[in-house]
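Commentary on secondary and tertiary structure
Next come the chains, spelled out residue by residue.
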Amino acid sequence: MSPARAALALSLLLPLTAHARGDGDLGAQIVNLNVTAQQWDFAQPWAKASPVKRYAYATVVQTPAGPALLTAATMVQAATVLQVTKNGSNLESTARVLVEDREQNLALVTVDAPGFYDDLRPAHFAKKPLTAGDVTLARWRGSQVETAVGRVARPTVIDSASGVTDMVTLRVSTDMANGGAGEPAFRRGELVGVAQGQLGSELSLVPAGHVEAWLRTAGADERPWVGTLGLSEQPVTSAVLVDWLGLDKARGLLITGVPQGSSACGQLRRGDVLLSVDGLPLDGEGNVEHPIYGRLYYEYLVGQRREGDRLPVQLWREGKAVDLQLPLRSYRGEHWLVPTDQSGPPPYLMAGGLVFRELSDSTPTRSTELRLLSGLQRQAQREGRRRIIVLSQVLPDPYNLGYHGQSDEAVDKINGQPIDSIDDVAAALTAPVGAHHIIELWPNPVLMTVVLEAAGLEAATARIAEAYGLPSPVRLAPAPLPLGPACEAG
Amino acid sequence: MRHRPLHLSRAFAAAALLAAAPPALSAPARGATKADKADKAATGKAAELRADAVLERSVVRLTNTSQRADWRTPWNPGRPGAGSGSGFVIEGGKILTNAHVVSDSKNLIFHIHGDANPHPARIVAIGHDCDLALVEPLEPGLLDRLQPLRIGELPAIGAEVKTFGYPVGGRWLSSTRGVVSRIDVISSVHSPGSTHLGIQTDAAINPGNSGGPVLAGGEVVGVAFQGAGALENVGYFIPPVVVKHFLDDVAAGDGYQGFPALDVQLAILDAPAARSLAGMGPDETGVRVDFVHPASPAKGVLQKGDILLALDGEVLANDGTFAFGDQRLQLQAILDRFHVGQSIRARVLRGGQRLELMVPLARTVYPQKPFEVLPAYVVYAGLVFAPMEREQVVNTGGKDNAILYEYLYRQLEQPETVVPTRVLLLRTLDHPVNSALPYQGGVIVETINGAPIHTLADVQAAFAKNSGRHHVLEFMHAEAVAVLDRAAADAAHPQILRDYAVPKDSRP
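Residues numbered from 1 in each chain as written. Chains lettered and ligands numbered in written order. Predicted model: local features only at pLDDT ≥ 70, side-chain atom pairs only at ≥ 80, totals over all residues. Heavy atoms only, no water.

1. Looking at the overall build of chain A
Per the secondary structure count, chain A includes eight helices and 30 strands. Each principal axis of the C-alpha atoms in chain A carries an extent, and together these give about 95 × 65 × 40 Å. A separation of at least 24 residues holds for 62% of the contacts in chain A among residues at least 6 apart in sequence. Accessible surface for chain A amounts to roughly 20,900 Å². Of this, 53% is attributable to carbon and sulfur atoms. For chain A, the centre of its 43 positive side-chain charges and the centre of its 52 negative side-chain charges are spaced 6 Å apart. (Helix = DSSP H or I, 4+ residues; strand = E, 2+ residues; numbered from the N terminus. Contact = heavy atoms within 4.5 Å. Areas by Shrake-Rupley, 256 points an atom, 1.4 Å probe, with all protein chains shown as cover. Lys, Arg positive; Asp, Glu negative; His and termini not counted. Charge placed at Lys NZ, Arg CZ, Asp CG, Glu CD.)

Set out below in structure tokens:
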């Protein structure tokens, strides 16, 4: 092509890329979401922290149940009020959350006002998966639609907002400021992704193909949870490891830990090499060749499966290839001994000024953390070990003199009863040992045992709750999830 | 006795254990501001000044060349450094100074007041726990012409004192004046975890004063030894009772034994319920024994749950202090009356019985900051192994959960599973033969080629005995496995030592 003709071709193409077909009416497909959110204050579990405002964005989509507004789940988390504005107007309509899925970081909200969707148009999903090239990010700013160009850098597998499961995202570099709040990304007028986070100039999109598949089940009452394996692995990238394992080349992941309660427990063992998942071979760093996205960490494949599915895996065990079908279990934040991603009201109990609460990743304590060691983030609950209860602080009062500085030590027993829940604390405190309550802490170099007068406890609790402004001295935990089947750790 | 003051309830326990090493001369530098205090040289002071003039000749300046190894590069002998401090002549032709003035010494010289010549000296005894040392000149009789200073008694609060020494800011003798501000049990900067009776003064004590005498009425009432960080007009000296304990210990022969400890963890009993549960009478006071270190001689005599009512006849309050004149002191000051090998009389409430027990005393079994030693290590194929000892734990800054657990918490929680020593993979000297290891260091070795590893000798034996094609290492609280090609590792080993200038592949 001659330079002159190339320039001509470019000049014809440019308007198309900058204002791709259909971008002119993007405004009818996108709305603004004004969120007021309030998190529980895990340090003062009887109170909520100061409310915060979030300005987020949503896309109109068609679901089996009718039109709805799609955004990132992190945008609506802990929302107390949701207001939607559309078409560049400041007029707010009240919305409500239909689905909030932390494992996919997607949420659907809707406005019940009649005729709300009349001047809006659902976005069309792109049929072809996007792996490279430019996209248009769009959002309302004042009375105008603001667009920004993003360039797809690479697909990548990340931890989902739940912190437990894995999901695939597209990394997009953009000069859009403060994005990642649910903005849609379009190409040629079709939806190619939803922004679920941004760090500096790097924005992360949930690909449209995933959103579309998710929408098909999103409305279901019993949405199956995403599957996880929960393994610890070691890359097989050195010649010496290949030789030691008796493999032909550097491939697969050496399994180094199989936590209790995970899908793999009872099936996979420390020392196995995970050779393939779902029919796709793993390279020495655990990547599989995905037909669309190229080399991706294998956990993404597991994240595509649901609780109850059987996942075909191939292992290298004692010099032989072994094929297994792994029944996938869900492994949610609440399943873990130290729960992650808690959003509900935190359980607690205050007795005589002593505040007990569950150890969670929202409230880690140094001394308990180092006793749980490497298993901390991957320990499932088991019988008799559902939660770790921490004496988190003491609200000083003459009744608890001697313990005013006590904080953040795990509780072993109260009045001889082992403590595994806030309910256990409440029950144990009804059965003092003679005239005393005896609270035994995990051994530590500061204080091992707290002793209180049984007689004064109730009056002190009431007085202290009043003085320190606790609306209630106790909030019990909801019924725990059923335990998974027991298995031998590998 | 535990490692920290009883009242330090919330500070993370490891903090005291892991306190950063102080500079050799610990007092903070600040401007000399006390000179004006002495300028009212009234006629009544003339006689005192003449008397001081005799005494000050016995104050010497010590210059120490120290060499302290670096526990991160344990094969190196360390960089030599010079520091100076003060000392003074006592009976027997010896010089008393601070331990930290003469620690890790390779060469020691001193200057006598008014004498321009340096004189070589050597260390006779060193007590790191009380920060005192005894030094003598190599040349016999050198100190004969000097008047030995007499060790006096504990001064009263408010008493006037004078310091003598060679602080920074000049070369010759300096004197400052102040009063006894406070008498308390204080923590040693030189020897983290050690606490003894100390005296606080507002007389300027600056770097270089360390080891110098504090005088009152012509007698030594203390040895200047440390400052107090950012505080104004706060310096500390070691009182006569601690000095005499050190000198008596040295005089008894058999090498320096040090101050005794109980090595028990005591709980404050401010809570009335805790006292009534223990069966204490309304007028009874004391502290509860929560933990007795398994290696302490108190094990088997004191028990978990005992209430310690009195020690050596001193009634203990619920916070573990005893009456000392009009004030109170922590009970460490009672233990300091005793020597290692003696027993202390303890009044104990146990199961409703009031017992009089004799508790044997020994040096603390908790690891102390080492001096005058070179770190042990083994290097094989670039993997540097070292014992999991105090200095290595300090190097992690107390931030490594696995190491801190094994070092500090396991003995509290699962004493029956404690292994006396552990070995760390300290670091890796990079080479293609070890480039694929999952950890470059900072992990505790559990097994090598299947053999449990507790000592450096275990490491050497496990590598030497292996005839397989691979060495396999497993670690505690870290799941990945390290594999080396044995033939390649053996072949690379001497080259790695040469490349990284490691003179020897082990030091026991």
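Past the structure itself, the notes keep going.
2. Things to note about the nonpolar core
Residues and elements named next belong to chain B. Within the largest apolar cluster, 64 residues are counted, with the highest numbers of intra-cluster contacts made by Leu 96, Phe 246, Leu 302, Leu 308 and Leu 311. Ranked by residue count, the leading element in this core is strand S11 (residues 219-227), at five residues. Setting aside anything within four residues of it in sequence, one finds Leu 302 in contact with Val 264, Val 292, Leu 308, Val 348, Arg 350, Leu 357 and Val 359. (Core = buried A, V, L, I, M, F, W, Y, C linked by side-chain atoms within 4.5 Å. Buried < 20%, exposed > 50% of the residue type's maximum accessible area, 1.4 Å probe, protein only.)

3. Quick look at the domain arrangement of chain B
Residue and element names in this part refer to chain B. Considered domain by domain, chain B is made up of domain 1 (59-137), domain 2 (160-251), domain 3 (264-360) and domain 4 (377-507). For domain 1 and domain 4, the distance between their C-alpha centres works out to 36 Å. Tallying the contact residues gives six residues for domain 1 and 14 residues for domain 4. Taken together, both faces of the contact between domain 1 and domain 4 bury some 950 Å²; the carbon and sulfur share is 55%. When the buried area of domain 1 at its contact with domain 4 is split by residue, Trp 71, Arg 72 and Trp 75 rank highest and sum to 76% of it. Put simply, domain 1 and domain 4 have one salt bridge between them. Taking the shortest distance from any N to any O, the salt bridge between Glu 391 and Arg 68 comes out at 3.6 Å. Run the count over domain 1 and domain 4 and you get four residue pairs in polar contact (both at pLDDT 80 or more). Counted by class, the side of domain 1 that touches domain 4 contains three nonpolar, one polar and two charged residues. (Domains from an automatic or database assignment. Buried area = accessible area lost by both parts, 1.4 Å probe. Salt bridge = Lys/Arg side-chain N within 4 Å of Asp/Glu carboxyl O. Polar contact = N/O pair within 3.5 Å; in protein donor to acceptor, adjacent residues only side chain to side chain. Nonpolar A, V, L, I, M, F, W, Y, C, P; charged D, E, K, R; others polar.)

4. Points about the pairing of strand S9 (residues 166-174) of chain A
Residues and elements named next belong to chain A. Extensive coverage of S9 is indicated by the burial of eight of its nine residues. In terms of strand pairing, strand S8 (residues 144-159) meets S9 through nine bridges, oriented antiparallel. Looking at the pairing, Val 157 lines up with Val 168 of S9. Taking the residues that link successive antiparallel strands as the turn, the S8-S9 hairpin has six residues, and the phi of Gly 163 there is positive, at about 80°. Bridging between S9 and strand S12 (residues 202-207) involves four bridges; their strand directions are antiparallel. Within the sheet, the bridge partner assigned to Val 172 lies in S12 and is Leu 203. (Pairing = 2+ DSSP bridges.)

5. Quick notes on the interface of chain A and chain B
Each partner contributes to the interface: chain A provides 37 residues, whereas chain B provides 41 residues. Together, the buried faces of chain A and chain B total about 3,400 Å²; carbon and sulfur atoms form 58% of this surface. Taken together, the links from chain A to chain B amount to two salt bridges. Residue Arg 469 of chain B is joined to Asp 243 of chain A by a salt bridge in which the shortest nitrogen-to-oxygen separation is 2.7 Å. Scanning the region where chain A abuts chain B turns up 13 residue pairs in polar contact (both at pLDDT 80 or more). At the level of secondary structure, the elements contributing two or more residues to the side of chain A that touches chain B comprise strand S14 (232-235), helix H4 (239-245), strand S15 (253-257), helix H6 (366-372), strand S28 (436-441) and strand S29 (449-453) of chain A. When residues of the side of chain A that touches chain B are assigned to their parent elements, the largest contribution, five residues, is made by H6 of chain A. The class makeup of the residues in the side of chain A that touches chain B is 16 nonpolar, 14 polar and seven charged.

6. What about the domain arrangement of chain A?
Residue and element names in this part refer to chain A. Domains assigned within chain A are domain 1 (1-219), domain 2 (232-327) and domain 3 (336-475). On the side of domain 3, 20 residues touch domain 1, which itself brings 12 residues to the contact. Contact between domain 1 and domain 3 buries roughly 1,400 Å² in total, counting both sides, with carbon and sulfur atoms accounting for 61%. Between the two partners, domain 1 and domain 3, sit zero salt bridges. For the interface between domain 1 and domain 3, the tally reads three residue pairs in polar contact (both at pLDDT 80 or more). Its residues assigned to classes, the side of domain 1 that touches domain 3 shows seven nonpolar, four polar and one charged.

7. Some thoughts on unusual backbone geometry
One non-glycine residue, Asp 408 of chain A, lies in positive phi territory at about 55°. We classify Asp 408 of chain A as partly exposed; its relative accessible area is 25%. Of note in this structure, Asp 254 of chain B is not a glycine but carries a positive phi near 65°. Looking at where Asp 254 of chain B falls in the secondary structure, it is placed in the loop between helix H3 (240-251) and strand S13 (264-267).

8. Examining the sheet that holds S11 of chain B
All names here are of chain B. Within the closed barrel, the six strands sit side by side as S7-S8-S9-S12-S11-S10. Their pairing is antiparallel. Taken over all neighbouring pairs, the strand axes of this sheet differ in orientation by 45° on average, direction set aside. Of the strand pairs in this sheet, strand S7 (residues 160-165) and strand S8 (residues 174-187) are connected by six bridges, and their pairing is antiparallel. By the bridge assignment for S8, Glu 160 is matched with Val 179. Packing of helix H2 (residues 46-56) onto the sheet brings it into contact with S7, S8 and strand S10 (213-216), and relative to S7 it is tilted by some 35°. (Axes fitted to C-alpha atoms, helices over the stretch in contact; angles between N-to-C directions.)

9. Description of the sheet that holds strand S1 (residues 30-37) of chain A
Residues and elements named next belong to chain A. Pairing in this closed barrel of six strands is antiparallel, and the strands run S1-S2-S3-S6-S5-S4 around the ring. Across the sheet, the axes of successive neighbouring strands diverge by a mean angle of 40°, strand direction being ignored. Here S1 pairs with strand S2 (residues 52-63) via eight bridges, running antiparallel. Within the sheet, the bridge partner assigned to Asn 34 lies in S2 and is Tyr 55.

10. Description of the side chain of Gln 29 of chain A
Residue and element names in this part refer to chain A. Take Gln 29: it is sitting in the loop between helix H1 (3-18) and S1. Taking the relative accessible area as the measure of exposure, Gln 29 reaches 0% and is therefore buried. Excluding anything up to four places from it in sequence, Gln 29 contacts Ala 58, Thr 59, Val 60, Arg 121, Pro 122, Ala 123, His 124, Phe 186 and Gly 189.

11. Some thoughts on the pairing of S12 of chain A
Residues and elements named next belong to chain A. Most of S12 is tucked away, with five of its six residues classed as buried. Here strand S11 (residues 190-199) pairs with S12 via six bridges, running antiparallel. Looking across to S12, one finds that Gly 197 is bridged to Ser 204. In this structure, the hairpin formed by S11 and S12 is closed by a connection of two residues, where Gly 200 is found at a positive phi of approximately 60°.

12. Observations regarding the packing of aromatic side chains
All names here are of chain B. The full count for this structure, using the stated rule, is seven aromatic pairs over all chains. Arranged with centres 5.9 Å apart and planes meeting at 55°, the rings of Phe 385 and Phe 463 form a pair that is tilted. With Phe 385 in strand S22 (residues 383-387) and Phe 463 in helix H8 (residues 456-465), the pair connects residues that are 78 residues apart, well separated along the chain. There is no split in this pair, since Phe 385 and Phe 463 are both buried. Each residue in the set Tyr 380, Phe 385 and Phe 463 is aromatic and connected to the rest through ring pairs, giving one cluster. (Phe/Tyr/Trp six-rings, centres within 6.5 Å; stacked < 30°, edge-to-face > 60°.)

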